[in-house]
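# Fold and geometry: a report
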Amino acid sequence: MTKRILGILLTLCLVLPTLALAADNSNLNAPGTFPIAKEKETFTVMVPQGGTYDVNDCFINQDYEEKTNIHVDFITVPSDTWKEKVSVTIAGGDYPDVIAGMDTFNIVPTDEAMYAAQGVLFPLNDLIDEYMPNFKALMDADPSIKKLIAQDDGNIYSLPLIAECFHCNYSQKMYINSQWLENLSLEIPTTLDEYYAVLKAFKEQDANGNGDPNDEIPLITSKAGWHVALDGFLMNAFTYCDADTYLAIENGDLVYTATTEAYREGLRFLNKLYTEGLLSPESFTNDDQTNTKINVSGGDYTLFGSFPAAYQMYIGDTELWRDYEIMAPFVREDGTASTPNYSLTRNVIRGNFAVTSSAKHPEMILQWLDYFYSEEGKMYRKGREGIEWEKPAEGETDFNGNPAKYKNLQTPEDDPFYGNVDFSQNIPYLDSKEHRESAVIASTNFREDPTNWQEIQLFEATKNYVKVAPSNIESLPNLTVSEDKTMDYSRIKTEIHDYQQEALVQFITGAMSLDNDWDAYVRQLQAIGLDEYMALSNESYHTFLNR
Ligand SMILES: [Ca+2]
Ligand SMILES: [Ca+2]
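No experiment lies behind these values; they were computed from the predicted model shown.

Within the protein, Asp206 (OD), Asn208 (OD1), Asn210 (OD1), Asp212 (O), Asp215 (OD) and Glu216 (OE) serve as the donor atoms for the calcium ion (ligand 2), at 2.1 to 2.4 Å. Each of the 6 donor atoms bound to the calcium ion (ligand 2) contributes to angles spanning 74 to 174 degrees, and the resulting shape is irregular. Written as a sequence motif, the donor residues of the calcium ion (ligand 2) are D-x1-N-x1-N-x1-D-x2-D-E. The metal-metal distance between the calcium ion (ligand 2) and the calcium ion (ligand 1) is 5.5 Å, with Glu216 serving as a donor to both. One end of the pair, Asp206, is in the loop between helix H9 (192-204) and strand S6 (247-250); the other, Glu216, is in the loop between H9 and S6, and 10 residues separate them in sequence. The buried category is assigned to Glu216, whose relative accessible area is 7%.

Pasting the structure below:
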């Protein structure tokens with residue numbers, strides 16, 4: 001290649017990105033001011049259709065058009081054909097200005113990278129700096145956001161939904177029947193030994209007080225559900241355990257936790273509960289609906305003493321929720337305790353809003369979106385004062401006992417915007433912890449607020465979990481590998497998970513012996529590819545840290 005051609009290529013490389021960024025903002029007012037456009041502007045957004053309402057007619061779309069002087073044409077696609085439609089539309093070359101939706105790229109960074117390589121998407125970093133003051137402030141305040149949405153080269157090609165669900169981030173919880181504890185004059189257990197003694201008392205005595213000492217089921221779970229694993233909360237009495245992944249971070253590296261001696265000791269305990277009739281064998285066969293039918297079958301007398309879950313289950317639409325409390329993570333003999341933190345996998349939904357190269361005014365679109373990354377913008381998205389929300393009355397307090405900022409209301413069924421107030425989560429926003437916690441509740445005692453009891457109980461209990469969980473930046477992100485390794489990685493991951501879960505049940509029920517079959521269990525995991533799985537996981541994790 002001659003020097004001259006090289007020179008032209010170099011010039012092109014330098015000039016092209018500059019051209020792409022030479023934004024024409026002459027029709028825009030300064031970021032952060034309304035209206036956004038001086039003369040009326042329009043852009044198009046392809047979104048999945050959820051429910052029966054047309055997003056074009058929603059209240060926020062009409063109101064925000066007046067506020068911004070920007071009209072948005074939503075092109076809706078049936079949800080069940082969404083992913084296919086995105087591929088086909090992009091391949092056809094005639095794509096809309098924006099592709100938006102909770103699963104725009106099915107949250108797969110490799111798809112996003114592919115579209116970027118094809119020129120469908122382009123780096124938004126500089127435009128974010130200039131036109132998105134709210135979103136930029138969020139990224140500055142929390143560096144993990146950029147790590148979670150950027151490609152490995154640091155380029156940002158799409159914008160996320162940011163929704164902090166405090167209790168969801170620490171959701172490997174365990175419930176105990178506090179009515180039974182009261183009936184038997186027992187305290188809420190704080191250690192595994194105390195818990196074991198409570199389960200024994202539940203079994204041996206008439207804990208529910210219906211005259212039958214034998215109808216109590218001390219501990220039960222369901223075969224599937226959100227954090228219903230028996231080796232989740234309880235295993236943390238022995239060793240750190242995230243029963244979703246069995247991964248832990250130790251000295252900056254990921255380690256696999258389901259083959260350690262401490263994990264084996266935890267399984268011995270679960271096997272003991274099973275052998276002694278404290279853990280129901282139906283835990284491995286019942287789904288949550290079956291369990292609910294059983295637990296409410298005694299009328300006022302519950303039948304379940306304890307169950308692991310992310311939120312209170314097995315009570316149907318009865319008042320039995322009053323009978324259960326959430327235990328704090330158990331303190332081990334050495335004084336330590338642990339629980340996973342899921343913040344990095346839950347707070348930021350990446351790939352939610354992608355501006356394509358069809359957009360003539362990407363800077364305007366980003367400015368349009370930026371308002372929703374502010375607390376004021378989130379209040380705006382709630383809808384109309386007096387219909388969807390109202391100012392709190394004097395003395396009304398929030399989850400933290402502070403003066404509340406708003407009270408949620410229900411849109412009346414005869415309202416023209418009933419069921420169609422907001423864009424839905426297909427258009428991103430910020431739902432911060434502070435915002436959620438500033439809503440009116442009747443009491444911080446969950447039993448005194450029959451409307452918000454579940455949220456209040458979870459919020460209060462989660463405080464005990466945060467204390468012993470890793471910090472956000474020390475917690476586990478979603479692990480993704482490069483496109484050529486994706487198939488292998490997900491296959492090994494699935495095979496390891498399936499075998500481990502099968503062995504877990506067998507160790508608990510005694511079908512496999514923790515003395516005689518343990519070594520074969522570890523060998524089988526290695527035969528499936530545990531070492532390769534961990535190597536790829538660590539590679540992905542280190543890439544995340546360095547992003
Ligand atoms: Ca009993
Ligand atoms: Ca009884």
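Turning to the coordination of the calcium ion (ligand 1), a few remarks are in order. Donor atoms from the polypeptide that coordinate the calcium ion (ligand 1) comprise Phe202 (O), Lys203 (O), Gln205 (O), Pro213 (O) and Glu216 (OE), at 2.2 to 2.6 Å from the metal. Along the chain, the residues donating to the calcium ion (ligand 1) fall in the pattern F-K-x1-Q-x7-P-x2-E. Its relative accessible area of 32% is what places Pro213 among the partly exposed residues.

A word on the state of the cysteines. Tallying each qualifying case throughout the model produces 1 disulfide. With no disulfide of its own, Cys241 lies 20 Å from the sulfur of Cys168, the closest cysteine sulfur.

Here we take up the domain arrangement of the protein chain. Each domain of the protein chain was delimited in the assignment, giving domain 1 (19-166 + 344-438), domain 2 (172-341 + 445-468) and domain 3 (479-547). Computed over C-alpha atoms only, the centres of domain 2 and domain 3 are separated by 26 Å. Listed as interface residues are 24 residues of domain 2 and, on the opposing side, 25 residues of domain 3. Summed over both sides, the interface of domain 2 with domain 3 buries roughly 2,000 Å², with 66% coming from carbon and sulfur. For the domain 2 face of the interface with domain 3, the top three residues by lost area are Leu254, Tyr256 and Arg264, together amounting to 29%. A salt bridge links Asp515 to Arg268, with the nearest nitrogen and oxygen atoms 3.0 Å apart.

What follows is about the side chain of Asn125. On the secondary structure map, Asn125 appears in helix H5 (residues 125-131). Beyond its immediate sequence surroundings of up to four residues, Asn125 is in contact with Lys146, Gly154, Asn155 and Ile156.

Taken in spatial order, the 3 strands line up as S8-S5-S9 in an open sheet, and their pairing is antiparallel. Lying at the two open borders of the sheet, with one neighbouring strand each, are strand S8 (306-308) and strand S9 (324-326). Ignoring which end each strand starts from, the neighbouring axes of this sheet average 25 degrees apart. Bridging between strand S5 (residues 174-177) and S9 involves 3 bridges; their strand directions are antiparallel.

As for its placement among the helices and strands, Pro403 is situated in the loop between strand S11 (389-390) and strand S12 (407-408). Of the residues examined, Pro403 reaches a relative accessible area of 68% and is grouped as exposed. Along the chain, Pro403 and Ala393 lie 10 residues apart, while their C-alpha atoms are 9.5 Å from each other. In contact with Pro403, not counting residues within four places along its chain, are Glu396, Thr397 and Asp398.

Turning our eyes to something else, we now look at the packing of aromatic side chains. All told, the structure shown has 40 aromatic pairs when counted by the stated rule. On the basis of an interplanar angle of 45 degrees and a centroid distance of 4.8 Å, the ring pair of Tyr64 and Phe372 is categorised as tilted. Linking Tyr64 in helix H2 (residues 59-68) with Phe372 in the loop between helix H13 (362-370) and helix H14 (375-382), this pair joins segments that are 308 residues apart in sequence. A single burial state applies to Tyr64 and to Phe372, both of which are buried. Consider the rings of Phe74 and Phe423, whose centres lie 5.5 Å apart with planes at 45 degrees: the pair is tilted. With a gap of 349 residues between them, Phe74 in strand S2 (residues 70-78) and Phe423 in the loop between S12 and strand S13 (430-431) connect regions that are remote in the sequence.

Moving on, we get to the sheet that holds strand S3 (residues 98-100). Note: strands within a sheet are paired through backbone hydrogen bonds, in either parallel or antiparallel orientation. Overall, mixed pairing links the 6 strands, which are arranged S2-S1-S3-S10-S4-S13 in an open sheet. Strands at the two margins of the open sheet, each flanked by one partner only, are S2 and S13.

With that settled, consider helix H16 (residues 453-466). Taking 1.5 Å per residue as the helical rise, H16 with its 14 residues ought to reach 20 Å, and the 20 Å between its terminal C-alpha atoms agrees with that figure. Among the residues making up H16, those that are buried are Trp453, Ile456, Gln457, Leu458, Phe459, Ala461, Thr462 and Tyr465. In this fold, the buried residues of H16 make contact with S5, S9 and helix H15 (433-437).

Rules of the game
The written sequence of each chain sets the order in which its residues are numbered from 1. Think of it this way: whatever chain is written first is A, whatever ligand is written first is 1, and the rest follow in order. Totals for whole chains, interfaces and linings use all residues, but because this is a predicted model, local features are given only for residues with pLDDT of at least 70 and pairs of side-chain atoms are given and counted only at 80 or more. Remark: hydrogens and water are excluded; side-chain values derive from all non-hydrogen atoms of the structure. Sites may look incomplete because water is not among the atoms; the donors themselves are N, O and S atoms within 2.8 Å of the metal, or within 3.2 Å for Na, K and Ca. The rule is simple: four donors are tetrahedral if all their angles sit between 85 and 135 degrees, four are square planar and six octahedral if opposite donors span more than 155 degrees and the others lie between 65 and 115, and anything that fits none of that is irregular. Note on conventions: DSSP H or I runs of at least 4 residues are helices, E runs of at least 2 residues are strands, and numbering of each starts at the N terminus. For every residue, the accessible area (1.4 Å probe, protein chains only) is compared with the maximum for its type, and the residue is labelled buried under 20%, exposed over 50%, or partly exposed between those bounds. Note on disulfides: each one is a pair of cysteine sulfur atoms within 2.5 Å. Boundaries between domains were set according to an automatic or database domain assignment. Contacts are assigned to residue pairs with any non-hydrogen atoms lying within 4.5 Å of each other. Simply put, the buried area is the total loss of 1.4 Å probe accessible area from both parts when two parts are fitted together. When a carboxyl oxygen of Asp or Glu is within 4 Å of a side-chain nitrogen of Lys or Arg, the pair counts as a salt bridge. Each pair of strands is called paired provided DSSP finds at least two bridges between the two strands. Axis definition: a line fitted to C-alpha atoms, over the contacting stretch in the case of helices. Angles run 0 to 180 degrees between N-to-C directions. Aromatic contacts are taken between Phe, Tyr and Trp rings whose centres are within 6.5 Å, Trp giving its six-membered ring; a plane angle under 30 degrees counts as stacked, one over 60 as edge-to-face, and the others as tilted. Here the expected span of a helix is defined as 1.5 Å times the quantity of residues minus one.

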